[in-house]
Amino acid sequence: MRIGYGILVIYNHPIEKSSSYVTFKDQLSVIVADNSTNEEIRKRNQKQVEKDGNVYLDMKGNQGLSKAYNQAISLLQQKEQKPCFVMIMDDDTLFGNDFLNKAAQEMQSVQADVYVPIVKAKEQILSPCTIHRGRVKAIHDLSSITRENITAINSGMIVSLDVYQKIRYNENLFLEYIDHDFIRQLKNHQYSIHILNQQIQQNFSVFENDKASAKTRFSILKKDLHVFYGKSLSQHFLYKSILWKRKLRAVIQYKDLSIVWKW
């Protein structure tokens, strides 16, 4: 089965500076869903993407990650009638130039509906990870992963186009936990997930240094976690504990105690 397409969502960033796009613009048919709020950036991105022979999708402002993914998938389903796989990309992920070839070789020997690479930030494994009673935990090695507890982030995920006939990304989530919700749906529908023996490097925003950006991201996280965890009492306590941990981490990082009551 071929990996025919890539989907990349970009936000207020020139497409030619996206490491993922630069790697795959000539290897895949890439659909770029542009959530940029800056009109000049959108115009330049459209010109560059179309010049490269790829597909540009103007979201006309920041519609959120899940809506951008879903619109790109709908566009792809209109265009492609044959079975194929699509790769989801973050704009700042570092892939090896041979990633697609190696992934395709592995996919020939192990059949699955979804393939996830090993995503690292330096030496820390970000994905796959485990989820138990709603709590997402990082792992030190793959031995702790089972079909029941696996979860993963979107970056580098390779999904059969057929999967999107039954499930889509949850548009009640704007940015955070979209990937974990998607994996939860995959497991509920009994889709198979295989971990690729391929590593990629992620410039993950949890490590960002800009305080204003971190505050904005925290406010989005707060809303998205509320959707992800729902209204049960046990999940509410988990929701609160995650927010407090993020706040305390920010207090330490920015050396600002007022974050506790201001965020």
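Remember, predicted model here, so these are calculated numbers, not experimental data.

1. Side note on the overall build of the chain
- A count of helical and extended segments in the chain gives eight helices and twelve strands.
- The globule rule puts the C-alpha radius of gyration for 263 residues at 18 Å, and the 18 Å found for the chain is close to it.
- Counting only C-alpha atoms and orienting by the principal axes, one finds that the chain spans roughly 50 × 45 × 35 Å.
- Evaluated residue by residue, the chain yields a buried proportion of 50% over its 263 residues.
- Positive and negative charge centroids in the chain, built from 36 and 27 side chains respectively, lie 7 Å apart.

2. Thoughts on helix 3 (residues 65–79)
- Across its 15 residues, helix 3 extends 21 Å between first and last C-alpha, which sits within 8% of the 21 Å expected from 1.5 Å per residue.
- Looking at helix 3, one finds that the buried residues are L65, S66, A68, Y69, N70, A72, I73, L76 and Q77.
- Contacts made by the buried residues of helix 3 are with strand 1 (3–10), strand 2 (29–34), strand 3 (55–58), strand 4 (85–89) and helix 5 (178–188).

3. Looking at the packing of helix 6 (residues 211–229) against helix 7 (residues 233–254)
- Relative orientation of the contacting elements helix 6 and helix 7 amounts to 170°, with a least axis distance of 10 Å. Relative to helix 7, helix 6 is oriented roughly antiparallel. Facing helix 6, whose interface residues are K211, A214, F218, L221, K222, L225, H226 and Y229, helix 7 presents Q235, L238, Y239, I242, L243, R246, K247 and Y254.

4. Structural notes on unusual backbone geometry
- S127 connects to P128 through a cis peptide bond whose omega is 0°.
- Looking at the element boundaries, P128 is found in the loop between strand 7 (124–127) and strand 8 (129–132).
- In this model, N12 sits at a positive phi of 50°, which is unusual for a non-glycine residue.
- Considering the arrangement of structural elements, one finds N12 in the loop between strand 1 and helix 1 (19–24).
- For N12, a relative accessible area of 28% gives the class partly exposed.
- Positive phi outside glycine occurs at K122, with the angle close to 60°.

5. Here's the deal with the pairing of strand 4
- Buried residues dominate strand 4, accounting for five of its five residues.
- Side chains F85, M87 and M89 project from strand 4 onto one buried face, and the interleaved V86 and I88 project onto a second face that is buried too.
- In this sheet, strand 4 lies alongside strand 1 in parallel orientation, the contact comprising five bridges. In the sheet register, L8 faces strand 4, and the bridge partner there is M89.
- In this structure, strand 4 lies alongside strand 11 (residues 158–160), joined through three bridges in antiparallel fashion. Bridging across to strand 11, V86 finds its partner in V159.

6. Comments concerning the pairing of strand 6 (residues 114–121)
- Where burial is concerned, most of strand 6 is hidden: eight out of the eight residues are buried.
- Of the pairings in the sheet, the one linking strand 6 to strand 11 comprises two bridges and is antiparallel in character. By the bridge assignment for strand 11, Y115 is matched with I158.
- Here strand 6 pairs with strand 12 (residues 193–202) via six bridges, running parallel. The residue bridging V116 from the neighbouring strand is I195, located in strand 12.
- Here three bridges tie strand 6 to strand 7, and the two strands are oriented antiparallel to one another. Bridged to A121 within strand 7 is Q124.

What counts, and where the lines are drawn
- Residues numbered from 1 in each chain as written.
- Predicted model: local features only at pLDDT ≥ 70, side-chain atom pairs only at ≥ 80, totals over all residues.
- Heavy atoms only, no water.
- Helix = DSSP H or I, 4+ residues; strand = E, 2+ residues; numbered from the N terminus.
- Rg over C-alpha atoms; globule rule 2.2 N^0.38 Å.
- Buried < 20%, exposed > 50% of the residue type's maximum accessible area, 1.4 Å probe, protein only.
- Lys, Arg positive; Asp, Glu negative; His and termini not counted.
- Charge placed at Lys NZ, Arg CZ, Asp CG, Glu CD.
- Expected span 1.5 Å × (residues − 1).
- Contact = heavy atoms within 4.5 Å.
- Axes fitted to C-alpha atoms, helices over the stretch in contact; angles between N-to-C directions.
- Parallel < 35°, antiparallel > 145°, perpendicular 65-115°, else oblique.
- Pairing = 2+ DSSP bridges.

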